[in-house]
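So the chains spell out like this:
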Amino acid sequence: MANSKGRRRRFGSVRKLPSGRFQARYRGPDGLMRTADTTFATQTDADRWLVKQEAKILDGDWTNPDVKIAFGDFAQSWFKDRDYAATTRERNAGVLNRHILPTFRTVPLREITTPQVRRWRSDLLDAGVGPATVSKAYQVLRAIMNTAVDDGLIERNPCRVKGAGTVTHTERPFLSVPEVYRLADAVPPHCRALVLLAAFAALRFGELAALQRRDIDLEARTVSVRRSYSETRTDGLTVKAPKSAAGVRTVAFPASLVPELAHHLAEHAEAGRTGLVFVGARGGVLRRNNFRRIWLRALTATARSPRPAAPPPAS
């Protein structure tokens, strides 16, 4: 094909438009002529674009620009392929269905632009969606579009809003030792040791709920974290390994907790080496929602308490 100066070019053609910009065209593997979806300020820019299209064809990475894949179809397929833990899958499914698909479900992948993404994010914040949730939604959208880039469906990820994937957390409040014991005094007896162990061994609720007798070593004053409970609407209650390899660990606790844990194991824990350390009021696994009600009542009670109870000496 000849270019605007009459020279034969090996692949595609470039012509100067009356506007002064340049248009690039080439013949695709399907035999049809394709025109770039944008014009170029210089002939060099148009030439570079043609070089990239030829490379895609030669490498087998060319995709038909006329095939429009809706974001919703691609996102649902993408989500099914994720190797998520149950709780992460449920959380991200909620973010996708509530905050992303209502805006982008029917929009072709190639037509999603950075201004659209910026406006979508602003609309969520204006609607009162929390910054942390908006940040998570942006992260999920960006991950989906990254995969679309990797699959050759789009050339550039439109999620380019600076700082949109991060959220600034205010400093979390922490409890003093007397406050921890005030809360431990305010919960039912079968939850007292759980509050103390959570505070002084820094264990997550799911890890505490999954502890077995064999995980507690009173002589060495250690607790071994090997598993964790999680609960979702779709999968119910499941036991799994901790969130990461580093989550499998042995944690020391202060000597002041030895009599607390010894009493708890004697009075409240299930029998046998694999018996659960912490159980519900009627036996069985201690559920997060049940404990949350207990915890909220304890917070209310301690807020009304005039003075914190003095903690036993730690050693």
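It should be noted that the structure appears before, not after, this text.
This one's a predicted model, so the numbers in the text were calculated from it and none came from an experiment.

Thresholds applied
Residues numbered from 1 in each chain as written. Predicted model: local features only at pLDDT ≥ 70, side-chain atom pairs only at ≥ 80, totals over all residues. Heavy atoms only, no water. Pairing = 2+ DSSP bridges. Helix = DSSP H or I, 4+ residues; strand = E, 2+ residues; numbered from the N terminus. Axes fitted to C-alpha atoms, helices over the stretch in contact; angles between N-to-C directions. Buried < 20%, exposed > 50% of the residue type's maximum accessible area, 1.4 Å probe, protein only. Arc of directions from axis to C-beta. Contact = heavy atoms within 4.5 Å. Salt bridge = Lys/Arg side-chain N within 4 Å of Asp/Glu carboxyl O.

Comments concerning the sheet that holds strand β2 (residues 22-27)
Reasoning step 1: Strand order in the open sheet made by the 3 strands is β1-β2-β3, with antiparallel pairing throughout. The outermost strands of the open sheet, each flanked by one partner alone, are β1 (13-16) and β3 (33-35). For this sheet the average axis-to-axis angle between neighbouring strands, irrespective of direction, equals 25°.
Reasoning step 2: Sheet topology note: the β1/β2 ladder contains 4 bridges and is antiparallel.

Looking at the environment of Thr-103
Reasoning step 1: You can see Thr-103 is positioned in helix α3 (residues 86-104).
Reasoning step 2: When the C-alpha positions of Thr-103 and Gln-116 are compared, they lie 9.6 Å apart, and in sequence the two are 13 residues distant.

With respect to helix α9 (residues 257-267)
Reasoning step 1: Along α9, the residues that are buried comprise Leu-257, Glu-260, Leu-261, His-264 and Leu-265. For α9, the angular spread of the buried residues around the axis is 130°, confining them to a single face. Turned more than 90 degrees off the buried face of α9, the exposed positions are Pro-259, Ala-266 and Glu-267.
Reasoning step 2: Among the structural elements, α6 (177-186), α7 (189-201) and β4 (216-217) are those in contact with the buried residues of α9.

Observations regarding the sheet that holds β4
Reasoning step 1: The strand order β4-β5-β8 describes an open sheet built from 3 strands, whose pairing is antiparallel. Each edge of the open sheet carries a strand with a single partner, namely β4 and β8 (249-252).
Reasoning step 2: The sheet contact formed by strand β5 (residues 222-225) and β8 spans 4 bridges and is antiparallel. Following the sheet pairing, Ser-224 is matched in β8 by Thr-250.

Let's talk about the pattern of salt bridges
Reasoning step 1: Scanning the model with the defined rule gives 11 salt bridges in all.
Reasoning step 2: Here Arg-34 makes a salt bridge to Asp-30, at a shortest N to O gap of 2.0 Å.
Reasoning step 3: The residue Glu-155 makes a salt bridge to Lys-56 at a minimum N-O spacing of 2.8 Å. Note that Glu-155 is positioned in the loop between α5 (131-150) and α6 and Lys-56 in helix α1 (residues 43-59), a separation of 99 residues in sequence.
Reasoning step 4: Residues joined in a network through salt bridges with shared partners are Asp-185, Arg-192 and Glu-260.

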